[in-house]
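Listed here are the chains, written in short residue letters.
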Amino acid sequence: MSQKNLFIYFEIQSTLNYVRHCLIQIGFHIVSTVYKPFHLRSSWKLRSSDLLDHSTDSLGFHIGCFLLKHDLELQDHAETHDAFHVLTGYNTSSLEEIGMQFWLHGNGKRSFPLYSAMAAGLLLYPDKFRYLMDCQYLGQRSRPIHHLNYLELLQEPMDSLRIQNQIFTHKLLNLNYEN
């Protein structure tokens, strides 16, 4: 393959990845906006900075650090989503967000946003099918965590929560996947 053809190939790949990322971000925004009025959970009424007041080994502190690292703030009625990120080790990239949804589905969670993310993942990331199926499998191997009251668990040591719930993810098991 000539240098020119290689350059064109990488430009096409880069553009496709950017478009895929944008479509997923737009989809997440639409689904979360539509779904927000249907949330039955009460809000934690906390800010990210409040979580940093917890002990350094606690789930609350780790959620606060996660939010600070990614320049995010807790979203009312969707605070457990950040707890899922911290406990399962999935990051905020589009692929890892979708991977976490596959993990949660394998773990027993069922919701409209979850199914929307899974559909988007299958449609826009066909090349990552094996990764997504592995995420779902690892969620099946873990004890169900989607129903826990995370507001009550903010003081609990994060490592003991992971061990107690036998949480398995690709990062915790050191499985490598290219994004």
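The coordinates are above.
Cut-offs and rules
- Residues numbered from 1 in each chain as written.
- Predicted model: local features only at pLDDT ≥ 70, side-chain atom pairs only at ≥ 80, totals over all residues.
- Heavy atoms only, no water.
- Helix = DSSP H or I, 4+ residues; strand = E, 2+ residues; numbered from the N terminus.
- Buried < 20%, exposed > 50% of the residue type's maximum accessible area, 1.4 Å probe, protein only.
- Contact = heavy atoms within 4.5 Å.
- Polar contact = N/O pair within 3.5 Å; in protein donor to acceptor, adjacent residues only side chain to side chain.
- Salt bridge = Lys/Arg side-chain N within 4 Å of Asp/Glu carboxyl O.
- Expected span 1.5 Å × (residues − 1).
- Core = buried A, V, L, I, M, F, W, Y, C linked by side-chain atoms within 4.5 Å.
- Patch = residues over 30% accessible without salt bridge, like charges linked within 9 Å, V, L, I, M, F, W, Y side chains within 5 Å.
- Areas by Shrake-Rupley, 256 points an atom, 1.4 Å probe, with all protein chains shown as cover.

*Asks:* I'd like to hear about the overall build of the chain, residue by residue, with values.
*Replies:* Helix and strand counts for the chain come out as nine helices and zero strands. Of the regular secondary structure in the chain, the N- to C-terminal order runs α-α-α-α-α-α-α-α-α. A burial count over the chain gives 39% of its 179 residues as buried. Residue pairs in contact within the chain that sit at least 24 positions apart in sequence constitute 67% of those at least 6 positions apart.

*Asks:* Now, about the side chain of Asn107: what can you tell me, with residues and values included?
*Replies:* Among the secondary structure elements, Asn107 is positioned in the loop between helix H5 (94–106) and helix H6 (112–124). Overall, Asn107 belongs to the buried group, its relative accessible area being 4%. In this structure the side chain of Asn107 is engaged in a polar contact, spanning 3.0 Å, whose partner is the backbone oxygen of Gly139. At a separation of 2.7 Å, a polar atom in the side chain of Asn107 contacts the main-chain amide nitrogen of Ile145. For Asn107, the contacting residues outside a window of four places in its chain are Gly139, Gln140, Ser142, Arg143, Pro144, Ile145 and His146.

*Asks:* Give me the side chain of Ser94: which residues, what numbers.
*Replies:* Structurally, Ser94 is set in helix H5. Among all residues touching Ser94, those that are not within four sequence positions of it are His21, Ile24, Gln25 and Tyr125.

*Asks:* So what's going on with the pattern of salt bridges? Residues and values would help.
*Replies:* All told, the structure shown has two salt bridges when counted by the stated rule. One salt bridge in this structure joins Arg20 and Asp127, with 2.9 Å as the shortest N-O distance. Of this pair, Arg20 sits in helix H1 (residues 3–35) while Asp127 is found in the loop between H6 and helix H7 (129–141), placing the two residues 107 residues apart along the sequence. Between Arg130 and Asp134 there is a salt bridge, and its shortest N-O distance comes to 2.9 Å. Residue Arg130 and its partner Asp134 are both found in helix H7; the two are separated by four residues, about one turn of the helix.

*Asks:* A description of H5 should follow, citing residues and the corresponding values.
*Replies:* Between its terminal C-alpha atoms H5 stretches 19 Å, which fits the 18 Å expected from 13 residues at 1.5 Å a residue. Burial within H5 is extensive, with 13 of its 13 residues counted as buried.

*Asks:* Please set out the nonpolar core residue by residue, giving values where relevant.
*Replies:* With 33 residues, the main nonpolar core has Leu59, Ile63, Leu87, Trp103 and Tyr150 as its most contacted residues. For this core, the secondary-structure elements that each account for two or more residues are helix H3 (59–69), helix H4 (79–88), H5, H6, H7, helix H8 (150–153) and helix H9 (158–164). Apart from residues lying up to four places away in sequence, Ile63 is in contact with Trp44, Leu51, Asp82, Ala83, Val86 and Leu154.

*Asks:* Tell me about a nonpolar patch on the surface, residues and numbers included.
*Replies:* On the surface, Ile8, Ile12 and Leu16 cluster together into a nonpolar patch covering about 260 Å² of accessible area. Residue position: Ile12 is located in helix H1.

Interpretation note: all reported values are geometric properties and have no functional meaning in isolation.
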